[in-house]
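# Summary of structural features
For reference, the chains in residue letters:
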Amino acid sequence: MNVILDNVIFSLQQSGGISVYWYHLLNRLKENKNFELSYIEESARSKNIFNDKISFEGSGTLIETNSIPVFGRYLNLQLPNLNEESIFHSSYYRVSKNPNHLNITTIHDFTYENFSSGLKRLVHSYQKKKAILKSDGIICISENTKADLLKFIPEAANKNIKVIYNGVGQTFCKLPVEEFEKNDIPFQCFSYTIYVGDRSSSYKNFKIAVKSSKLVNRPLIFVGGGELTSKESALLNKELKDIGYRHYNNINAEQLNALYNFAFCLLYPSIYEGFGIPPVEAQRAGCPVVAYSASSIPEVVGDSGVLVKDDSAKAFAKAMRRLNDVSFRKDMIAKGDKNVKRYSWERTFDETIAFYKEVLEKKYAIL
(Lines give C-alpha, C1' and ligand atoms only; values in the text may rest on other atoms or scores of the structure.)
Protein backbone atom coordinates (compact mmCIF):
# COMPACT_ATOMS: atom_id res chain seq x y z
CA MET A 1 0.00 0.00 0.00
CA ASN A 2 1.25 3.48 -0.91
CA VAL A 3 0.81 6.01 1.89
CA ILE A 4 1.70 9.70 1.81
CA LEU A 5 1.91 11.38 5.23
CA ASP A 6 1.67 15.14 5.65
CA ASN A 7 3.66 16.07 8.77
CA VAL A 8 2.53 19.70 8.88
CA ILE A 9 1.47 19.47 12.54
CA PHE A 10 5.13 19.40 13.59
CA SER A 11 5.43 22.93 12.19
CA LEU A 12 2.31 24.20 13.91
CA GLN A 13 2.82 23.24 17.56
CA GLN A 14 5.60 22.39 19.98
CA SER A 15 3.57 19.70 21.67
CA GLY A 16 -0.02 18.61 22.12
CA GLY A 17 -2.43 15.76 21.61
CA ILE A 18 -2.37 15.93 17.80
CA SER A 19 1.44 15.74 17.78
CA VAL A 20 1.31 12.72 20.11
CA TYR A 21 -1.22 11.00 17.84
CA TRP A 22 0.74 11.71 14.68
CA TYR A 23 4.08 10.66 16.16
CA HIS A 24 2.77 7.26 17.20
CA LEU A 25 1.00 6.62 13.88
CA LEU A 26 4.04 7.78 11.90
CA ASN A 27 6.48 5.58 13.82
CA ARG A 28 4.37 2.47 13.42
CA LEU A 29 3.97 3.02 9.69
CA LYS A 30 7.73 3.45 9.35
CA GLU A 31 8.38 0.18 11.18
CA ASN A 32 5.98 -1.78 8.98
CA LYS A 33 7.50 -3.03 5.72
CA ASN A 34 4.14 -3.46 3.98
CA PHE A 35 3.90 0.21 3.02
CA GLU A 36 5.60 2.42 0.46
CA LEU A 37 5.85 5.68 2.38
CA SER A 38 6.32 9.29 1.36
CA TYR A 39 6.48 12.24 3.74
CA ILE A 40 5.54 15.88 3.27
CA GLU A 41 7.89 17.73 5.59
CA GLU A 42 7.98 21.49 6.15
CA SER A 43 11.50 22.91 6.16
CA ALA A 44 10.34 25.49 8.75
CA ARG A 45 9.52 23.03 11.54
CA SER A 46 9.13 24.53 15.00
CA LYS A 47 10.76 23.17 18.13
CA ASN A 48 8.30 20.32 18.31
CA ILE A 49 9.15 17.91 21.12
CA PHE A 50 9.13 14.98 18.67
CA ASN A 51 11.60 16.48 16.17
CA ASP A 52 14.66 14.81 17.71
CA LYS A 53 12.88 11.46 17.95
CA ILE A 54 12.07 11.14 14.25
CA SER A 55 14.42 9.98 11.51
CA PHE A 56 13.19 9.48 7.94
CA GLU A 57 16.45 8.03 6.67
CA GLY A 58 15.89 4.85 4.71
CA SER A 59 12.18 4.72 5.46
CA GLY A 60 10.58 6.36 2.44
CA THR A 61 10.57 9.39 0.15
CA LEU A 62 10.98 12.74 1.90
CA ILE A 63 9.50 15.78 0.17
CA GLU A 64 10.38 19.13 1.71
CA THR A 65 8.18 22.17 1.24
CA ASN A 66 8.48 25.73 2.48
CA SER A 67 4.87 26.85 2.66
CA ILE A 68 4.32 27.58 6.36
CA PRO A 69 5.78 31.15 6.47
CA VAL A 70 2.92 32.37 4.26
CA PHE A 71 -0.44 30.59 4.01
CA GLY A 72 0.68 27.07 3.20
CA ARG A 73 -0.89 25.55 6.27
CA TYR A 74 -4.31 26.43 4.82
CA LEU A 75 -3.68 25.36 1.23
CA ASN A 76 -4.29 21.95 -0.27
CA LEU A 77 -1.30 20.29 -1.89
CA GLN A 78 -0.59 19.90 -5.59
CA LEU A 79 1.53 16.76 -5.48
CA PRO A 80 3.18 14.91 -8.37
CA ASN A 81 2.39 11.28 -9.14
CA LEU A 82 4.56 10.05 -6.30
CA ASN A 83 2.65 6.79 -6.25
CA GLU A 84 -0.43 5.63 -8.04
CA GLU A 85 -3.56 4.89 -6.00
CA SER A 86 -2.12 6.29 -2.80
CA ILE A 87 -3.59 7.08 0.59
CA PHE A 88 -2.89 10.71 1.50
CA HIS A 89 -3.25 11.37 5.24
CA SER A 90 -2.58 14.86 6.56
CA SER A 91 -1.81 15.56 10.20
CA TYR A 92 -3.81 18.78 10.04
CA TYR A 93 -6.61 19.40 7.54
CA ARG A 94 -4.85 19.50 4.19
CA VAL A 95 -5.72 17.30 1.22
CA SER A 96 -3.97 16.30 -1.97
CA LYS A 97 -5.40 17.57 -5.24
CA ASN A 98 -3.95 14.62 -7.14
CA PRO A 99 -6.86 12.52 -8.45
CA ASN A 100 -4.92 9.31 -7.76
CA HIS A 101 -4.71 10.10 -4.05
CA LEU A 102 -7.45 9.08 -1.62
CA ASN A 103 -7.65 11.60 1.20
CA ILE A 104 -8.00 10.60 4.86
CA THR A 105 -8.75 13.27 7.47
CA THR A 106 -8.51 12.76 11.23
CA ILE A 107 -10.78 15.02 13.29
CA HIS A 108 -9.58 15.63 16.84
CA ASP A 109 -12.12 18.10 18.17
CA PHE A 110 -14.25 21.17 17.48
CA THR A 111 -12.74 23.60 19.97
CA TYR A 112 -12.60 26.48 17.50
CA GLU A 113 -16.25 26.00 16.59
CA ASN A 114 -17.28 25.80 20.24
CA PHE A 115 -15.08 28.44 21.83
CA SER A 116 -13.58 30.82 19.25
CA SER A 117 -15.10 33.63 17.23
CA GLY A 118 -14.22 36.12 14.54
CA LEU A 119 -11.62 35.63 11.81
CA LYS A 120 -9.70 32.96 13.74
CA ARG A 121 -12.71 30.68 13.85
CA LEU A 122 -13.79 31.44 10.29
CA VAL A 123 -10.41 30.57 8.79
CA HIS A 124 -9.95 27.39 10.82
CA SER A 125 -13.51 26.16 10.29
CA TYR A 126 -13.33 26.85 6.56
CA GLN A 127 -10.13 24.84 6.22
CA LYS A 128 -11.49 21.97 8.32
CA LYS A 129 -14.81 21.80 6.47
CA LYS A 130 -13.10 21.97 3.10
CA ALA A 131 -10.77 19.09 4.00
CA ILE A 132 -13.60 16.98 5.44
CA LEU A 133 -15.87 17.35 2.42
CA LYS A 134 -13.01 16.52 0.03
CA SER A 135 -12.00 13.43 2.00
CA ASP A 136 -12.66 9.84 1.03
CA GLY A 137 -12.47 8.70 4.63
CA ILE A 138 -12.83 10.47 7.99
CA ILE A 139 -11.42 9.30 11.33
CA CYS A 140 -12.96 10.68 14.54
CA ILE A 141 -11.09 10.06 17.78
CA SER A 142 -14.27 9.57 19.83
CA GLU A 143 -18.01 9.17 19.42
CA ASN A 144 -18.33 12.64 20.94
CA THR A 145 -16.15 14.09 18.17
CA LYS A 146 -18.25 12.27 15.57
CA ALA A 147 -21.40 13.79 17.09
CA ASP A 148 -19.79 17.24 16.90
CA LEU A 149 -18.85 16.61 13.27
CA LEU A 150 -22.44 15.86 12.32
CA LYS A 151 -23.63 18.84 14.36
CA PHE A 152 -21.31 21.41 12.78
CA ILE A 153 -20.96 19.84 9.31
CA PRO A 154 -24.16 17.86 8.66
CA GLU A 155 -23.18 17.57 4.98
CA ALA A 156 -20.58 15.02 6.10
CA ALA A 157 -23.28 12.50 7.10
CA ASN A 158 -22.86 10.59 3.82
CA LYS A 159 -19.09 10.32 4.23
CA ASN A 160 -17.25 7.18 5.29
CA ILE A 161 -16.70 7.96 9.00
CA LYS A 162 -14.84 5.71 11.42
CA VAL A 163 -14.35 6.21 15.17
CA ILE A 164 -10.82 5.17 16.15
CA TYR A 165 -9.77 5.97 19.70
CA ASN A 166 -6.40 7.43 20.62
CA GLY A 167 -3.94 5.18 22.41
CA VAL A 168 -1.69 5.54 25.42
CA GLY A 169 2.08 5.07 25.36
CA GLN A 170 3.79 2.06 26.96
CA THR A 171 6.11 4.53 28.71
CA PHE A 172 3.25 5.20 31.12
CA CYS A 173 3.30 2.44 33.71
CA LYS A 174 3.32 1.89 37.44
CA LEU A 175 6.60 2.37 39.29
CA PRO A 176 7.55 0.93 42.68
CA VAL A 177 7.26 3.52 45.42
CA GLU A 178 11.02 3.25 45.96
CA GLU A 179 11.47 5.11 42.66
CA PHE A 180 10.08 8.27 44.25
CA GLU A 181 13.44 9.15 45.79
CA LYS A 182 15.15 8.95 42.38
CA ASN A 183 13.00 11.74 40.97
CA ASP A 184 13.39 15.39 41.84
CA ILE A 185 9.81 15.92 43.02
CA PRO A 186 9.59 18.82 45.51
CA PHE A 187 6.62 17.47 47.47
CA GLN A 188 5.94 14.38 49.53
CA CYS A 189 4.89 11.19 47.80
CA PHE A 190 1.11 11.11 47.04
CA SER A 191 0.68 14.58 48.56
CA TYR A 192 0.31 16.72 45.43
CA THR A 193 -2.26 17.07 42.68
CA ILE A 194 -1.20 17.21 39.03
CA TYR A 195 -2.59 19.12 36.04
CA VAL A 196 -1.35 18.45 32.49
CA GLY A 197 -1.77 20.53 29.34
CA ASP A 198 -2.82 23.93 28.07
CA ARG A 199 -3.65 26.64 30.60
CA SER A 200 -4.45 29.58 28.31
CA SER A 201 -7.78 28.33 26.94
CA SER A 202 -10.63 29.24 29.27
CA TYR A 203 -12.44 25.93 28.70
CA LYS A 204 -9.45 24.05 30.20
CA ASN A 205 -10.31 25.56 33.62
CA PHE A 206 -6.78 25.75 35.00
CA LYS A 207 -8.04 28.18 37.63
CA ILE A 208 -10.26 25.43 39.07
CA ALA A 209 -7.22 23.15 39.43
CA VAL A 210 -5.46 25.89 41.39
CA LYS A 211 -8.36 26.83 43.64
CA SER A 212 -9.50 23.27 44.35
CA SER A 213 -5.94 22.30 45.31
CA LYS A 214 -5.97 25.14 47.80
CA LEU A 215 -9.29 24.01 49.26
CA VAL A 216 -7.89 20.55 50.01
CA ASN A 217 -4.53 21.95 51.11
CA ARG A 218 -2.50 20.04 48.53
CA PRO A 219 0.44 21.35 46.45
CA LEU A 220 -0.10 21.51 42.70
CA ILE A 221 2.26 20.35 39.98
CA PHE A 222 1.32 21.42 36.48
CA VAL A 223 2.98 20.29 33.27
CA GLY A 224 3.32 21.94 29.86
CA GLY A 225 1.38 24.92 28.58
CA GLY A 226 4.40 27.20 28.05
CA GLU A 227 5.88 29.78 30.35
CA LEU A 228 3.81 31.31 33.12
CA THR A 229 2.09 34.60 32.41
CA SER A 230 2.08 37.38 34.97
CA LYS A 231 -1.64 36.76 35.53
CA GLU A 232 -1.02 33.06 36.22
CA SER A 233 1.85 33.86 38.57
CA ALA A 234 -0.38 36.24 40.50
CA LEU A 235 -3.11 33.60 40.79
CA LEU A 236 -0.67 30.92 41.95
CA ASN A 237 1.00 33.17 44.50
CA LYS A 238 -2.35 34.24 45.86
CA GLU A 239 -3.81 30.75 46.19
CA LEU A 240 -0.85 28.40 46.66
CA LYS A 241 2.08 30.42 47.94
CA ASP A 242 1.97 28.79 51.37
CA ILE A 243 0.96 25.32 50.11
CA GLY A 244 3.31 25.07 47.15
CA TYR A 245 3.30 24.64 43.39
CA ARG A 246 5.78 23.66 40.68
CA HIS A 247 5.71 24.04 36.91
CA TYR A 248 7.41 21.57 34.56
CA ASN A 249 7.68 22.48 30.87
CA ASN A 250 8.96 20.41 27.92
CA ILE A 251 9.63 17.28 29.99
CA ASN A 252 9.82 13.81 28.45
CA ALA A 253 7.34 10.97 28.87
CA GLU A 254 9.47 9.20 31.47
CA GLN A 255 9.50 12.30 33.68
CA LEU A 256 5.77 12.79 33.25
CA ASN A 257 5.18 9.15 34.12
CA ALA A 258 7.02 9.61 37.42
CA LEU A 259 4.95 12.71 38.24
CA TYR A 260 1.74 10.76 37.57
CA ASN A 261 2.91 7.79 39.65
CA PHE A 262 3.47 9.73 42.85
CA ALA A 263 0.59 12.21 42.59
CA PHE A 264 -2.48 12.07 44.81
CA CYS A 265 -4.63 12.50 41.70
CA LEU A 266 -4.82 14.04 38.24
CA LEU A 267 -7.08 17.10 38.05
CA TYR A 268 -8.79 17.38 34.66
CA PRO A 269 -11.40 20.16 34.90
CA SER A 270 -11.62 20.80 31.13
CA ILE A 271 -15.18 21.28 29.94
CA TYR A 272 -14.38 20.10 26.40
CA GLU A 273 -12.08 17.46 24.89
CA GLY A 274 -12.05 15.56 21.64
CA PHE A 275 -10.61 12.58 23.50
CA GLY A 276 -8.45 13.55 26.49
CA ILE A 277 -5.12 11.71 26.60
CA PRO A 278 -3.86 12.75 30.09
CA PRO A 279 -6.56 10.79 32.00
CA VAL A 280 -5.61 7.50 30.33
CA GLU A 281 -1.89 8.25 30.75
CA ALA A 282 -2.49 8.88 34.44
CA GLN A 283 -4.52 5.70 34.84
CA ARG A 284 -1.76 3.60 33.29
CA ALA A 285 0.57 5.09 35.91
CA GLY A 286 -1.83 4.22 38.74
CA CYS A 287 -2.93 7.80 39.33
CA PRO A 288 -6.65 8.37 40.12
CA VAL A 289 -8.48 10.83 37.89
CA VAL A 290 -10.81 13.62 38.99
CA ALA A 291 -12.40 15.13 35.88
CA TYR A 292 -15.31 17.21 34.72
CA SER A 293 -18.11 15.06 33.33
CA ALA A 294 -18.54 16.58 29.87
CA SER A 295 -17.82 16.04 26.16
CA SER A 296 -15.70 12.90 25.61
CA ILE A 297 -14.63 12.31 29.22
CA PRO A 298 -17.57 10.09 30.31
CA GLU A 299 -17.00 8.07 27.12
CA VAL A 300 -13.23 7.69 27.62
CA VAL A 301 -13.05 7.43 31.42
CA GLY A 302 -16.52 6.32 32.52
CA ASP A 303 -16.83 5.06 36.09
CA SER A 304 -13.06 4.55 36.38
CA GLY A 305 -12.66 8.20 37.33
CA VAL A 306 -14.28 10.52 39.86
CA LEU A 307 -16.43 12.60 37.51
CA VAL A 308 -17.68 16.00 38.63
CA LYS A 309 -20.89 17.49 37.22
CA ASP A 310 -20.35 21.01 38.58
CA ASP A 311 -17.35 22.87 37.15
CA SER A 312 -16.46 24.68 40.35
CA ALA A 313 -13.48 24.53 42.71
CA LYS A 314 -15.75 23.44 45.58
CA ALA A 315 -17.12 20.52 43.57
CA PHE A 316 -13.63 19.38 42.59
CA ALA A 317 -12.40 19.71 46.17
CA LYS A 318 -15.32 17.58 47.35
CA ALA A 319 -14.46 14.93 44.74
CA MET A 320 -10.80 14.93 45.79
CA ARG A 321 -11.73 14.43 49.43
CA ARG A 322 -13.44 11.18 48.45
CA LEU A 323 -9.98 9.87 47.55
CA ASN A 324 -8.87 10.31 51.16
CA ASP A 325 -10.72 7.06 51.76
CA VAL A 326 -7.96 4.50 51.14
CA SER A 327 -10.30 1.74 49.94
CA PHE A 328 -12.11 4.09 47.54
CA ARG A 329 -8.80 5.33 46.13
CA LYS A 330 -7.64 1.73 45.59
CA ASP A 331 -10.93 0.96 43.86
CA MET A 332 -10.47 3.91 41.49
CA ILE A 333 -6.93 2.79 40.67
CA ALA A 334 -8.16 -0.76 39.97
CA LYS A 335 -10.93 0.54 37.71
CA GLY A 336 -8.39 2.73 35.92
CA ASP A 337 -6.19 -0.33 35.30
CA LYS A 338 -9.14 -2.06 33.66
CA ASN A 339 -10.21 0.99 31.67
CA VAL A 340 -6.85 1.67 30.00
CA LYS A 341 -6.74 -1.83 28.54
CA ARG A 342 -9.16 -0.45 25.94
CA TYR A 343 -6.52 1.94 24.59
CA SER A 344 -3.22 1.31 22.86
CA TRP A 345 -1.39 2.93 19.97
CA GLU A 346 -1.06 -0.54 18.43
CA ARG A 347 -4.84 -0.81 18.30
CA THR A 348 -5.10 2.73 16.89
CA PHE A 349 -2.58 1.79 14.20
CA ASP A 350 -4.26 -1.52 13.30
CA GLU A 351 -7.69 0.09 13.01
CA THR A 352 -6.27 2.97 10.96
CA ILE A 353 -4.58 0.62 8.48
CA ALA A 354 -7.78 -1.42 8.21
CA PHE A 355 -9.62 1.82 7.42
CA TYR A 356 -7.07 2.74 4.73
CA LYS A 357 -7.73 -0.64 3.10
CA GLU A 358 -11.50 -0.20 3.37
CA VAL A 359 -11.35 3.20 1.68
CA LEU A 360 -9.16 1.84 -1.12
CA GLU A 361 -11.39 -1.20 -1.67
CA LYS A 362 -14.58 0.89 -1.78
CA LYS A 363 -13.07 3.36 -4.23
CA TYR A 364 -11.78 0.81 -6.70
CA ALA A 365 -14.73 -1.54 -6.34
CA ILE A 366 -16.88 1.32 -7.62
CA LEU A 367 -14.50 2.05 -10.50
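Here's what I pulled together on the structure shown here. (Residues numbered from 1 in each chain as written. Predicted model: local features only at pLDDT ≥ 70, side-chain atom pairs only at ≥ 80, totals over all residues. Heavy atoms only, no water.)

The strand order 10-9-8-11-12-13 describes an open sheet built from six strands, whose pairing is parallel. Edge positions in the sheet fall to strand 10 (245–248) and strand 13 (306–308), since each has one partner strand and no second. Within this sheet the neighbouring strands show an average axis-to-axis angle of 20 degrees, counted without direction. Strand direction decides the pairing type here: strand 8 (residues 193–196) and strand 11 (residues 265–268), joined by two bridges, are parallel. Within the sheet, the bridge partner assigned to threonine 193 lies in strand 11 and is cysteine 265. (Pairing = 2+ DSSP bridges. Helix = DSSP H or I, 4+ residues; strand = E, 2+ residues; numbered from the N terminus. Axes fitted to C-alpha atoms, helices over the stretch in contact; angles between N-to-C directions.)

What follows is about empty space enclosed by the protein. Following the criterion strictly, the structure yields two cavities of 30 Å³ or more and no others. Roughly 40 Å³ of internal volume is contained in the largest cavity. Around the largest cavity, the lining residues are Tyr195, Val196, Gly197, Asp198, Lys204, Tyr268, Pro269 and Ser270. A per-class count over the lining of the largest cavity returns four nonpolar, two polar and two charged. Here the second largest cavity is characterised by a volume of approximately 30 Å³. Listed by contribution, the elements that provide at least two residues to the lining of the second largest cavity are helix 9 (277–284) and helix 12 (326–340). The element best represented in the lining of the second largest cavity is helix 12, accounting for three residues. For the lining of the second largest cavity, a count of residues per class yields six nonpolar, four polar and no charged. (1 Å grid on protein atoms, 1.4 Å probe; cavity = no way out; pocket = protein on both sides within 12 Å on 5 of 7 lines; lining within 4 Å. Points joined across faces, edges and corners; volume = space filled by probe spheres on them. Nonpolar A, V, L, I, M, F, W, Y, C, P; charged D, E, K, R; others polar.)

Right, let's talk about the packing of aromatic side chains for a bit. Per the stated rule, a full pass over the model turns up 17 aromatic pairs. An angle of 15 degrees between the planes, with centres 5.5 Å apart, marks the rings of phenylalanine 110 and phenylalanine 152 as stacked. Here the residue phenylalanine 110 occupies a position in the loop between strand 5 (101–107) and helix 3 (111–115), and phenylalanine 152 occupies one in helix 5 (residues 143–152), the gap between them amounting to 42 residues. Judged by relative accessible area, which is 0%, phenylalanine 110 ranks as buried. Sitting over the face of the ring of phenylalanine 110, lysine 128 holds its NZ or CZ atom 4.1 Å from the ring centroid. Over the ring of phenylalanine 264 we find arginine 218; its NZ or CZ atom is 3.5 Å from the centre of that ring. (Phe/Tyr/Trp six-rings, centres within 6.5 Å; stacked < 30°, edge-to-face > 60°. Buried < 20%, exposed > 50% of the residue type's maximum accessible area, 1.4 Å probe, protein only. Lys NZ or Arg CZ within 6 Å of the ring centre and 35° of its normal.)

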